[in-house]
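# Coordinate inspection notes
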Amino acid sequence: MTDQNCAYCMEGDLVAQFGIKICELPSSKVYLFKEQSHKGRVIVAHKKHVSEIVELTAEERAAYMEDINHVAEALHKAFHPQKINYGAYGDTGHHLHFHLVPKYTDGYAVSYTHLRAHETDSYLVCRLLLEKKKNNIPKSKAKTIANN
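Parameters at a glance
Residues numbered from 1 in each chain as written. Predicted model: local features only at pLDDT ≥ 70, side-chain atom pairs only at ≥ 80, totals over all residues. Heavy atoms only, no water. Helix = DSSP H or I, 4+ residues; strand = E, 2+ residues; numbered from the N terminus. Buried < 20%, exposed > 50% of the residue type's maximum accessible area, 1.4 Å probe, protein only. Contact = heavy atoms within 4.5 Å. Core = buried A, V, L, I, M, F, W, Y, C linked by side-chain atoms within 4.5 Å. Expected span 1.5 Å × (residues − 1). 1 Å grid on protein atoms, 1.4 Å probe; cavity = no way out; pocket = protein on both sides within 12 Å on 5 of 7 lines; lining within 4 Å. Points joined across faces, edges and corners; volume = space filled by probe spheres on them. Nonpolar A, V, L, I, M, F, W, Y, C, P; charged D, E, K, R; others polar. Phe/Tyr/Trp six-rings, centres within 6.5 Å; stacked < 30°, edge-to-face > 60°. Lys NZ or Arg CZ within 6 Å of the ring centre and 35° of its normal.

Looking only at helices and strands, one finds four helices and six strands in the protein. Counting helices and strands in the order they occur from the N terminus, the protein gives α-α-β-β-β-α-β-β-α-β. For the protein, the residues scored as buried account for 46% of the 148 residues in total. A sequence separation of at least 24 residues applies to 54% of the contacts in the protein between residues at least 6 apart.

Quick look at the nonpolar core now. Nonpolar side chains tend to gather and get buried jointly when the protein is soluble and globular. Within the largest apolar cluster, 20 residues are counted, with the highest numbers of intra-cluster contacts made by Val30, Val42, Tyr64, Val71, Leu75 and Leu100. Counting residues per element, the ones that place at least two in this core are strand 1 (19-24), strand 2 (28-33), strand 3 (42-46), helix 3 (58-79) and strand 5 (97-103). No other element matches the six residues that helix 3 contributes to this core.

Moving on to helix 3. Its 22 residues give helix 3 an end-to-end C-alpha distance of 31 Å, which sits within 8% of 32 Å, the value for a rise of 1.5 Å per residue. At the exit of helix 3 stands His80, carrying a positive phi of roughly 55°.

Volume-wise, the largest pocket comes out at about 300 Å³. In terms of lining residues, the largest pocket is bounded by 18 residues, among which Tyr8, Thr92, Gly93, His94 and His97 are the most central. Within the residue set of the lining of the largest pocket, elements represented by two or more residues are helix 1 (7-10) and strand 5. The residue inventory of the lining of the largest pocket, partitioned by class, reads seven nonpolar, nine polar and two charged.

Inspection of every chain in the model, using the stated rule, returns four aromatic pairs. Taken together, a centroid distance of 5.6 Å and an interplanar angle of 55° make the contact between Tyr8 and Tyr31 tilted. Of this pair, Tyr8 sits in helix 1 while Tyr31 sits in strand 2, and the two are 23 residues apart along the sequence. Neither residue differs from the other here; Tyr8 and Tyr31 are each classed as buried. Joined through ring pairs, the aromatic side chains of Tyr8, Phe18, Tyr31 and Phe33 make up one cluster. For Lys39, the ring lying beneath its charged end belongs to Tyr104, and the centroid distance is 5.7 Å.

Okay, here's the thing in structure tokens:
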């Protein structure tokens, strides 16, 4: 099922308001969050339009968590945060997604908001690392998005 008003289902202009699609993993789509006050912040959205994690089968849930783990590993390798915070709120968009927000003890913060992601090395590093991680996923299940 897709929702015509859902940014993650329809992509295009809706998702471009807040993110840039980096890649697709077996059960999810990964977006670089344009507001980079926390270097490397991304969104991992499930491919199915569900509101709650309990709407997934056990297999779907395990695959989704594996995708989130792959992204977290890539963020750790790229940015070396002390911690990554994971948030799944769904207050405004009812499509299951997690925000992965790297946290740094040096208090890294960008001095302006809504940084254009294509102007940073964060986007390129995330893309390269996720491409590297994709090699550990069967090619039939991984699809890299090349037109960003």
